[in-house]
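Listed below are the residues making up each chain.
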Amino acid sequence: MQFLKTDFSVQAVNGASLWLRLGLGLSMIPHGYEKLIHFSEQKAGFLNLFGLGTTVSLALAIGAEFFCSILLMLGLLTRVVLIPLLCTALVIVFIAHEGDLLGDGSAGTLFLIGYITSLLLGPGKYSLDALLH
């Protein structure tokens, strides 16, 4: 019957926050890593976001997908690094996949939901942010 209870503990919320951060980070890092190691091949054909140029757009995507995901997993500057990750998810869903939330953009939609949830939850006790404060 414990499984059906609707109350929660602070420890459970902190654990859930950790698992969410780890899951989101581990899921996004391969996308950024692939772009990082194939930067020169991908920059010419990459999305030119807001006229910034393909090179800058690709570098921003790598910064969010790879480096911000690492910081998210560590729980370091959690809410700050979620901003570029949220922007990346928005670009994935609404620009790259033209708002196709449930079709080709469904992975981006899941990232968007996860990032918003993580932003609302915060880093939790099991994070470097908690150690620094």
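To start, this report covers the structure provided alongside it. A quick note: this is a predicted structure, and the numbers were derived from the prediction, not measured. (Residues numbered from 1 in each chain as written. Predicted model: local features only at pLDDT ≥ 70, side-chain atom pairs only at ≥ 80, totals over all residues. Heavy atoms only, no water.)

## As for the overall build of the protein
And then number 1: The number of helices and strands found in the protein is six helices and zero strands.
And then number 2: Viewed in the frame of its principal axes, the protein has a C-alpha envelope of about 55 × 35 × 20 Å.
And then number 3: Looking at the 133 residues of the protein, the share that counts as buried comes to 34%.
And then number 4: Sequence-distant contacts, at least 24 apart, represent 62% of the contacts inside the protein between residues at least 6 apart.
And then number 5: When the accessible area of the protein is evaluated, it comes to approximately 8,100 Å², of which 71% is carbon and sulfur surface.
And then number 6: When the 6 positive and 8 negative side-chain charges of the protein are each reduced to one mean point, those points stand 15 Å apart. (Helix = DSSP H or I, 4+ residues; strand = E, 2+ residues; numbered from the N terminus. Buried < 20%, exposed > 50% of the residue type's maximum accessible area, 1.4 Å probe, protein only. Contact = heavy atoms within 4.5 Å. Areas by Shrake-Rupley, 256 points an atom, 1.4 Å probe, with all protein chains shown as cover. Lys, Arg positive; Asp, Glu negative; His and termini not counted. Charge placed at Lys NZ, Arg CZ, Asp CG, Glu CD.)

## Some words on the layout of surface pockets
In this approach, a probe sized like a water molecule rolls over the atoms, and the result shows the empty space that is left.
And then number 1: Here the largest pocket is characterised by a volume of approximately 430 Å³.
And then number 2: Taken together, 22 residues line the largest pocket, and the ones lying closest to its centre are Ala-61, Glu-65, Thr-88, Val-91 and Ile-92.
And then number 3: Elements that contribute at least two residues to the lining of the largest pocket include exactly helix H1 (10-37), helix H3 (54-74), helix H4 (78-96) and helix H5 (106-121).
And then number 4: With six residues, H4 is the largest single contributor of residues to the lining of the largest pocket.
And then number 5: For the lining of the largest pocket, a count of residues per class yields 14 nonpolar, five polar and three charged. (1 Å grid on protein atoms, 1.4 Å probe; cavity = no way out; pocket = protein on both sides within 12 Å on 5 of 7 lines; lining within 4 Å. Points joined across faces, edges and corners; volume = space filled by probe spheres on them. Nonpolar A, V, L, I, M, F, W, Y, C, P; charged D, E, K, R; others polar.)

## Some details on the environment of Asn-14
And then number 1: Along the chain, Asn-14 turns up in helix H1.
And then number 2: Each C-alpha atom of the pair Asn-14 and Glu-65 lies 24 Å from the other, and the pair is 51 residues apart in sequence.
And then number 3: Those residues in contact with Asn-14 that sit more than four places away from it in its chain are Gly-124, Lys-125 and Tyr-126.

## Focus: the environment of Glu-41
And then number 1: On the secondary structure map, Glu-41 appears in helix H2 (residues 39-42).
And then number 2: For Glu-41, the side chain forms a polar contact with the side chain of His-38, separated by 3.1 Å.
And then number 3: Within polar-contact distance, the side chain of Glu-41 engages the side chain of Ser-40 at 3.3 Å. (Polar contact = N/O pair within 3.5 Å; in protein donor to acceptor, adjacent residues only side chain to side chain.)

## Overview of the packing of H3 against H4
And then number 1: Contact geometry of H3 with H4 gives a least axis separation of 9 Å together with a crossing angle of 150 degrees. On the basis of the axis angle, H3 is roughly antiparallel to H4. You can see that H3 and H4 cross each other, and the crossing is left-handed. Contact with H3, carried on its side by Ala-64, Glu-65, Cys-68, Ser-69, Leu-71 and Leu-72, involves Thr-78, Val-81, Leu-82, Pro-84, Leu-85 and Thr-88 of H4 and no other residues of that element.
And then number 2: The class makeup of the residues in the contact of H3 with H4 is eight nonpolar, three polar and one charged. (Axes fitted to C-alpha atoms, helices over the stretch in contact; angles between N-to-C directions. Parallel < 35°, antiparallel > 145°, perpendicular 65-115°, else oblique. Left-handed = near helix turned anticlockwise from the far one by under 90°.)

Remember, this is a structural readout, not a statement about activity or role.
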